[in-house]
Amino acid sequence: FGSVGKERHEIVIQGRNATSGWLEYEFKCKPGDINRRPCLISPYHYRLDWLAWFAGFQTYQHQPWIVHLVNRMLEGDDKLISSLMQHNPFNASTPDAVRVMRYRYRYSKPSSSFPMGPLLSGGAWWTREELGEYLPPVTR
């Protein structure tokens, strides 16, 4: 990979239960929360984050691992999920449904009052636009 583009298509895994709307699982390093600073890891990458980056270019039918991961989330495999993800919104319970959404992420632009962008302003590092469902909701 000779370069990184100015925008990226990313998948975001979300779960819900009877008491919540859709809540996001957070990968360890790839874009998710628009206010989280991009992380730098070299020369290695988190394996799941790396796979998820490629998943954004294809459909879930080409990425069978994501269906297995969603199944483990629905089973409430906390040990596995906590070892793979930065944040599990259901660490005390299990979701009733899990879906995967696709978003287009772009770096946010610096403003005239903060020419260093979010580094100094504490604002959003990314802007994101929903592109639709990647994997429809799966239930237990």
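Residues numbered from 1 in each chain as written. Predicted model: local features only at pLDDT ≥ 70, side-chain atom pairs only at ≥ 80, totals over all residues. Heavy atoms only, no water.

Caption draft 1: Layout of helix α1 (residues 47-55). Taken residue by residue, α1 has Leu48, Asp49, Ala52, Trp53 and Ala55 as its buried positions. Looking straight down α1, one finds that the buried residues subtend no more than 155° of arc, so they occupy a single side. (Buried < 20%, exposed > 50% of the residue type's maximum accessible area, 1.4 Å probe, protein only. Helix = DSSP H or I, 4+ residues; strand = E, 2+ residues; numbered from the N terminus. Arc of directions from axis to C-beta.)

Caption draft 2: Representation of a nonpolar patch on the surface within the structure. A grouping of Ile41, Tyr44 and Tyr46 is seen on the molecular surface, where their side chains present a nonpolar patch of about 340 Å² in accessible area. Residue position: isoleucine 41 is located in the loop between β3 (26-27) and α1. (Patch = residues over 30% accessible without salt bridge, like charges linked within 9 Å, V, L, I, M, F, W, Y side chains within 5 Å. Areas by Shrake-Rupley, 256 points an atom, 1.4 Å probe, with all protein chains shown as cover. Salt bridge = Lys/Arg side-chain N within 4 Å of Asp/Glu carboxyl O.)

Caption draft 3: Broad picture of the pattern of salt bridges. Under the defined criterion, the tally for this structure stands at eleven salt bridges. Arginine 128 is the partner of glutamate 24 in a salt bridge, and the nearest nitrogen-oxygen pair spans 2.5 Å. One end of the pair, glutamate 24, is in strand β2 (residues 23-24); the other, arginine 128, is in strand β6 (residues 126-139), with 104 residues separating them in the sequence. On the basis of relative accessibility, which here comes to 31%, the residue arginine 128 falls in the partly exposed class. As a salt-bridge pair, aspartate 77 and arginine 72 come within 2.3 Å of each other at their nearest N and O atoms. Judged by relative accessible area, which is 19%, aspartate 77 ranks as buried. A single network of salt bridges, built from pairs that share partners, joins Glu7, Arg104, Arg106 and Glu129.

By themselves, these figures tell us nothing about what the structure is for.
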